[in-house]
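Structure assessment
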Amino acid sequence: MGYKGVGLPTHTATTTRTKPSKMYKEKEDVVRWIFKFVGRRKKILFIISILVFIRVLYVWHGEEGQKVEAPHSDSTNKEPLSNIHNNLSYVGKAAKAYRPRPPPYFRGYTLPPDHPCNRFKLPPPPADKKRTGPRPCPVCYLPLEEAIALMPSSPSFSPILKNLTYIHEKPLNPKTEFGGSDFGGYPTLKQRRRSFNIKGTMSVHCGFVKGRQPGRGTGFDINEKDLLEMKRCRGIVVASTVFDAFDDVKSPSNISKYSEQTVCFFMFIDEKTESSLKRDKRFNRTTKKVGLWRIVVVHNLPYTDGRRNGKVPKLLVHRLFPKSRYSLWMDGKLDLVVDPHQILERFLWRENVTFAISRHYKRFDVFVEAEANKAAGKYANASIDFQVDFYKKEGLTPYSTAKLPVTSDVPEGCVILREHVPISNLFTCLWFNEVDRFTSRDQISFSTVRDKIAARTKWNVSMFLDCQRRNFVVQVILLLAIDFILQKDKNHLNVVLRYHLADQEKLKKKPTPMAILPPPALVSSDLPRKLNNVSQVVSITQPKRRGRDKQL
């Protein structure tokens, strides 16, 4: 009851509610005006505020992105959950922007300017009127340890071509224009022209067309144990052949212990050579080896001509050893006297090339080479003429200085050094196809295949001096003669010499293979007038002392 008398006057409260002050009215009007303006400009303000907010975030993330480092697996570096949540959008953008790095390639190296190989020059040939033929010259090899250390860990670059596969034909269709075989297939001239159109991915004829596994029911068949050993070769392969028991099998010499353990040495022989080899005391029946050579007996040879059979491991070694990186092929008449690592370092790695072969010591022109083959009865004259005329219609011209820096059109094909990359594999496949289609004289077809590939890529073949080749391989018969002379075993020497002379006479009397070919089709020329990027070999040092070489 007392509380009613004591309360505030009722008029004061009523006055406050019904008659607001002037200042309060002004504030109320301002607020009302603001809400009215916001209602009208709501969309514009919202868009502007969002753009400003995104811009701030973009700048902030840009500053943070410059400091981003590779994530670590250490648990102490884990971010709080809130930070991970805040950075989700940034991580998404970074993932979209990421592109995998291209595979690394070997880009070559240069020796120091004061290195002896850079200062050494080729000395003039010794004046010896009694000996006018070819001879070895000094070559600058690096010490073995350095050569091994310089072996590239990455493959060389393959221009344009990245993926090469091989054609298998079942059943075979021999009804093509001309040439071909059950082993190499019967590619048409249209397929031949397409095979020189270099692309990123290609599929070409490359021997072994009757199966996917070379040496297994394809012709040039090899037993399973040998195939397994060949698949295990992942580094350097040294390969050679002896067919028809024509040459003596002699183990390489001056090979380091490291190379003996890491390099694969494979000698391919036929059944006739196997019968002869079983009588040789050097042949180990348990290990199937003669010195360092692992002997592989080839069955079901694809050709009746032994010289053509020899072209299979010579040009298709990358198919026989699919996991190997480098190969050194040498004729069965030759003996290797320098470590493979030193040879490959000198002629491949130091020159930064993927294919190297010596040029002929005397002939540089395909037309001259063809005439020399006819004069020596190497093949049927009509077949040689047909092949040369076919190439002439495609643009083959005599060799001249106008083709420089190409130093020769004719190789000395008894030694081939190569890296197994797609472009060099394509080269030997197409070279083999020419040998399969035309004559087995691969010196005639070499320059045509080389020039067609070089016209479309920056790839080319390095052709070193023939005298340099003679520095690291010598003829087996010469070494045997030296051994017999040192042992003063003249009777044995005469027997060996008569044996080889008799084989040479058999070869001369043997009828040369005759290819029945129709008139050549007209094919437009697509050869370049000038080629570039040919590595030339000039660095040299004195070779190791050994017996005098013989003209090969």
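Conventions and cut-offs
Residues numbered from 1 in each chain as written. Predicted model: local features only at pLDDT ≥ 70, side-chain atom pairs only at ≥ 80, totals over all residues. Heavy atoms only, no water. Disulfide = S-S within 2.5 Å. Helix = DSSP H or I, 4+ residues; strand = E, 2+ residues; numbered from the N terminus. Buried < 20%, exposed > 50% of the residue type's maximum accessible area, 1.4 Å probe, protein only. pLDDT = per-residue confidence, 0-100. Contact = heavy atoms within 4.5 Å. Salt bridge = Lys/Arg side-chain N within 4 Å of Asp/Glu carboxyl O. Pairing = 2+ DSSP bridges. Axes fitted to C-alpha atoms, helices over the stretch in contact; angles between N-to-C directions. Parallel < 35°, antiparallel > 145°, perpendicular 65-115°, else oblique. Left-handed = near helix turned anticlockwise from the far one by under 90°. Nonpolar A, V, L, I, M, F, W, Y, C, P; charged D, E, K, R; others polar. Phe/Tyr/Trp six-rings, centres within 6.5 Å; stacked < 30°, edge-to-face > 60°. Lys NZ or Arg CZ within 6 Å of the ring centre and 35° of its normal. Core = buried A, V, L, I, M, F, W, Y, C linked by side-chain atoms within 4.5 Å.

Within an unreviewed UniProt entry, the label attached to the protein reads TOD1/MUCI70 glycosyltransferase-like domain-containing protein, and the organism entered is Brassica cretica.

1. Notes on the state of the cysteines
Taken as a whole and assessed by the stated rule, the structure comprises four disulfides. Residue pairing for C137: its cysteine sulfur links by disulfide to C467, the two sulfurs lying 2.1 Å apart. Torsion about the S-S bond of the C137 and C467 cystine: about 65°, corresponding to right-handed handedness. Here C137 is found in the loop between α6 (116–119) and α7 (144–149), whereas its partner C467 is found in helix α20 (residues 466–472), with 330 residues between them in sequence. On the basis of relative accessibility, which here comes to 7%, the residue C137 falls in the buried class. With a relative accessible area of 18%, C467 lands in the buried category. Put simply, C233 and C264 are joined by a disulfide, and their sulfur atoms are 2.2 Å apart. Residues C233 and C264 are joined through a disulfide that is left-handed, its torsion about the S-S bond being -115°. With C233 in the loop between α9 (224–231) and β3 (236–242) and C264 in strand β4 (residues 264–269), this pair connects stretches of sequence that are 31 residues apart. Looking at C264, the relative accessible area reads 17%, which means it is buried.

2. Brief notes about the confidence of the model for the protein
Looking at the protein as a whole, its pLDDT mean stands at 78, while 67% of the residues score no less than 70. pLDDT under 50 marks residues 479–486. Its contacts with residues more than four places away, or in other chains, come to 13 contacts. Taken as a whole, residues 506–552 scores under 50 in pLDDT and shows 132 contacts with residues more than four places along the chain or in a different chain.

3. Side note on the pattern of salt bridges
One pass over the full model with this rule turns up 22 salt bridges. The partner of D280 in a salt bridge is R282, and the shortest N-O contact between them spans 2.7 Å. A residue is classified by how much of its surface remains accessible, and R282, at 37% relative accessible area, is partly exposed. One salt bridge in this structure joins D305 and R307, with 3.5 Å as the shortest N-O distance. We classify D305 as buried; its relative accessible area is 8%. A relative accessible area of 26% means that R307 is categorised as partly exposed. What emerges from the salt-bridge pattern is a single network uniting R192, E394, E434 and K452.

4. Comments concerning the environment of L150
Relative to the elements of secondary structure, L150 occurs in the loop between α7 and β1 (163–166). Of the residues examined, L150 reaches a relative accessible area of 28% and is grouped as partly exposed. Residue contacts for L150: discarding those within four places in its chain leaves Y109, L142, E345 and W349.

5. Considerations on the sheet that holds strand β11 (residues 411–419)
Strand order in the open sheet made by the nine strands is β5-β6-β7-β4-β3-β8-β11-β10-β12, with mixed pairing throughout. The sheet terminates laterally at β5 (283–284) and β12 (462–464), the two strands that pair on one side only. Where β3 and strand β8 (residues 326–330) come together, four bridges link them in parallel fashion. Bridge pairing in β8 links I236 to Y326. Where α9 meets the sheet, it contacts β4 and β7 (293–297), and its direction lies at approximately 135° from that of β7.

6. As for the packing of helix α18 (residues 422–437) against helix α19 (residues 442–454)
Running from amino to carboxyl end, α18 crosses α19 at an angle of 135°, the nearest separation of the two axes being 9 Å. In terms of orientation, α18 lies oblique with respect to α19. As α18 packs across α19, the resulting crossing turns out to be right-handed. Across the interface between the two elements, I423, F427, L430, W431, E434 and V435 of α18 pack against D442, S445, F446, V449, R450 and I453 of α19. Classifying every residue of the contact of α18 with α19 gives eight nonpolar, one polar and three charged.

7. Points about the packing of aromatic side chains
Tallying each qualifying case throughout the model produces 28 aromatic pairs. Consider the rings of F464 and F472, whose centres lie 6.4 Å apart with planes at 45°: the pair is tilted. Side by side, F464 and F472 carry an identical accessibility label, which is buried. Put simply, the rings of F178, F386, F390, Y391 and F438 touch in pairs and so form one group of aromatic residues. The aromatic ring of F196 is capped on one face by K452, whose charged end is 5.4 Å from the ring centroid. Taking the ring centre of Y361 as reference, the NZ or CZ of R470 above it sits at 5.6 Å.

8. Considering the packing of helix α16 (residues 366–375) against helix α17 (residues 381–394)
Packing of α16 against α17 leaves a shortest axis separation of 10 Å and a crossing angle of 170°. Looking at the two axes, α16 sits roughly antiparallel to α17. Judged by residue contacts, F367, A370, N373 and K374 of α16 engage N381, I384, D385, V388 and K392 from α17. Its residues assigned to classes, the contact of α16 with α17 comprises four nonpolar, two polar and three charged.

9. What about unusual backbone geometry?
Both trends apply: most residues other than glycine have a negative phi, and most peptide bonds are in trans. Each neighbour pair has its own omega, and for K170 with P171 the value is 0°, a cis peptide bond. By the secondary structure assignment, P171 is in the loop between β1 and α8 (189–195). The step from L404 to P405 runs through a cis peptide bond, and the omega angle for that step is 10°. Among the secondary structure elements, P405 is positioned in the loop between α17 and β11. Within the chain, F208 stands out as a residue other than glycine whose phi angle is a positive 50°. The topology assignment puts F208 in the loop between β2 (201–204) and α9.

10. Quick look at the nonpolar core
Of all hydrophobic cores here, the largest spans 48 residues; its most connected members are F220, F268, F321, L426, F427, W431 and I453. By residue number, the principal contributor to this core is α18, which donates eight residues. Residues Y141, I236, V415 and V473 belong to the second largest nonpolar core, which totals 45 residues.

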